[in-house]
Amino acid sequence: MDLIKISNMLIPFVVLFIIVYAIRKKIGIYDSFIKGCKEGLELSISIFPYLIAMLFATNILVKSNLLDNVFSFFKPFFDLIKVPIEILPMAVMRPISGNASFAIMIDLIKKYGVDSYLGRLAATLQGSTDTTIYVLSLYFGSIGIKKIRYSLWAGLLTDLMAIVISIVLVNLMF
């Protein structure tokens, strides 16, 4: 039996467990469900302006080719440490936008192939880093936190370490 079949069978049991638990605790299931839906809709509406702002800023950055121009300046250094310059736009965009970095990854895979060094490195980067700036601006902004303090630095440092470790591991394994 494969994992998909197991998970498909497990979901109804989880829902059934929640219903039985709610009945035993004398909780109004339908009312709680409707209340959760309302809260989810309100949260979606409050997040929407921040989402639009991030998408707009990301689109401007990607379409302007600013990243490509900046990275061409650093090409000799990255050639020296044997890191292909083509991966840098993805590494920079990943903390900002998951969709933009995913699009860059798809372009790299189409151009160089799935089993190429760049294809494997792009896939590893996509899976090992997070959309730190996006998460901080969207979620912190939606609940009104203005001072993100060390969250940004911790997240970006983690992303940088994930990029470095991805490069090292892909070099070691492939």
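Above this text sits the structure in question.
Procedures and definitions
- Residues numbered from 1 in each chain as written.
- Predicted model: local features only at pLDDT ≥ 70, side-chain atom pairs only at ≥ 80, totals over all residues.
- Heavy atoms only, no water.
- Helix = DSSP H or I, 4+ residues; strand = E, 2+ residues; numbered from the N terminus.
- Rg over C-alpha atoms; globule rule 2.2 N^0.38 Å.
- Buried < 20%, exposed > 50% of the residue type's maximum accessible area, 1.4 Å probe, protein only.
- Contact = heavy atoms within 4.5 Å.
- Core = buried A, V, L, I, M, F, W, Y, C linked by side-chain atoms within 4.5 Å.
- Salt bridge = Lys/Arg side-chain N within 4 Å of Asp/Glu carboxyl O.
- Patch = residues over 30% accessible without salt bridge, like charges linked within 9 Å, V, L, I, M, F, W, Y side chains within 5 Å.
- Areas by Shrake-Rupley, 256 points an atom, 1.4 Å probe, with all protein chains shown as cover.
- 1 Å grid on protein atoms, 1.4 Å probe; cavity = no way out; pocket = protein on both sides within 12 Å on 5 of 7 lines; lining within 4 Å.
- Points joined across faces, edges and corners; volume = space filled by probe spheres on them.
- Nonpolar A, V, L, I, M, F, W, Y, C, P; charged D, E, K, R; others polar.
- Axes fitted to C-alpha atoms, helices over the stretch in contact; angles between N-to-C directions.
- Parallel < 35°, antiparallel > 145°, perpendicular 65-115°, else oblique.
- Left-handed = near helix turned anticlockwise from the far one by under 90°.

Caption draft 1: Focus on the overall build of the protein. Looking only at helices and strands, the protein has nine helices and zero strands in total. Each helix (α) and strand (β) of the protein, taken in turn from the N terminus, gives the series α-α-α-α-α-α-α-α-α. Here the C-alpha atoms of the protein give a radius of gyration of 21 Å, more than 25% beyond the 16 Å that 2.2 N^0.38 yields for 174 residues. Projecting the C-alpha coordinates of the protein onto the three principal axes gives extents of approximately 70 × 45 × 30 Å. With 174 residues in all, the protein has 27% of them scored as buried. When contacts within the protein are restricted to residue pairs at least 6 apart in sequence, long-range pairs at least 24 apart make up 65% of them.

Caption draft 2: Region of interest: the nonpolar core. Core analysis: the biggest nonpolar cluster contains 23 residues, and Ile87, Leu88, Met90, Met93, Leu121, Ala122 and Leu125 have the highest contact counts within it. Where this core is concerned, the elements lending two or more residues are helix H3 (66-73), helix H5 (88-93), helix H6 (98-112), helix H7 (117-128) and helix H9 (150-173). When neighbours within four sequence positions are excluded, Leu88 is seen to be in contact with Phe71 and Phe78.

Caption draft 3: Representation of the pattern of salt bridges within the structure. Tallied over the full model, the rule gives two salt bridges. Where Lys75 meets Asp79, a salt bridge forms, and the shortest distance between an N and an O atom there is 3.3 Å. Residue Lys75 and its partner Asp79 are both found in helix H4 (residues 75-80); the two are separated by four residues, about one turn of the helix. Among the residues examined, Lys75 registers a relative accessible area of 35% and is labelled partly exposed. Across the salt bridge formed by Asp115 and Arg120, the nearest N and O atoms sit 3.6 Å from each other. The class for Arg120 is partly exposed, based on a relative accessible area of 27%.

Caption draft 4: Quick look at a nonpolar patch on the surface. Together, Leu157, Leu160, Met161, Val164, Ile165, Val168, Leu169, Leu172, Met173 and Phe174 give the surface a local cluster of nonpolar side chains, amounting to about 1000 Å² of exposed area. Along the polypeptide, Leu172 turns up in helix H9.

Caption draft 5: Structural context of the layout of surface pockets. As a volume, the largest pocket reaches approximately 590 Å³. The wall of the largest pocket is formed by 26 residues, among which Val62, Asp68, Pro89, Ile104 and Asp107 lie closest to the centre. Of all elements in the fold, only helix H2 (29-63), H3, H5 and H6 reach the threshold of two or more residues within the lining of the largest pocket. If one sorts the elements of the lining of the largest pocket by residue count, H6 sits on top with eight residues. For the lining of the largest pocket, a count of residues per class yields 14 nonpolar, six polar and six charged. If you go around the second largest pocket, you meet 16 residues; those closest to its centre are Leu88, Ala91, Val92, Leu160 and Ile163.

Caption draft 6: Quick peek at helix H8 (residues 132-142). Taken together, the buried positions of H8 are occupied by Thr132, Leu136, Leu138, Gly141 and Ser142. For H8, the elements touching its buried residues are H2 and H9. A positive phi of about 85° marks Gly144, the residue just after H8.

Caption draft 7: A look at the packing of H8 against H9. Where H8 meets H9, the closest approach of the two axes is 9 Å, and the angle between their N-to-C directions is 155°. As judged from the angle between their axes, H8 and H9 are roughly antiparallel. As H8 packs across H9, the resulting crossing turns out to be right-handed. Listed contacts from H9 to Thr132, Ile133, Leu136 and Phe140 of H8 are Ser151, Leu152, Gly155, Leu156 and Asp159. Per-class residue counts for the contact of H8 with H9 are five nonpolar, three polar and one charged.

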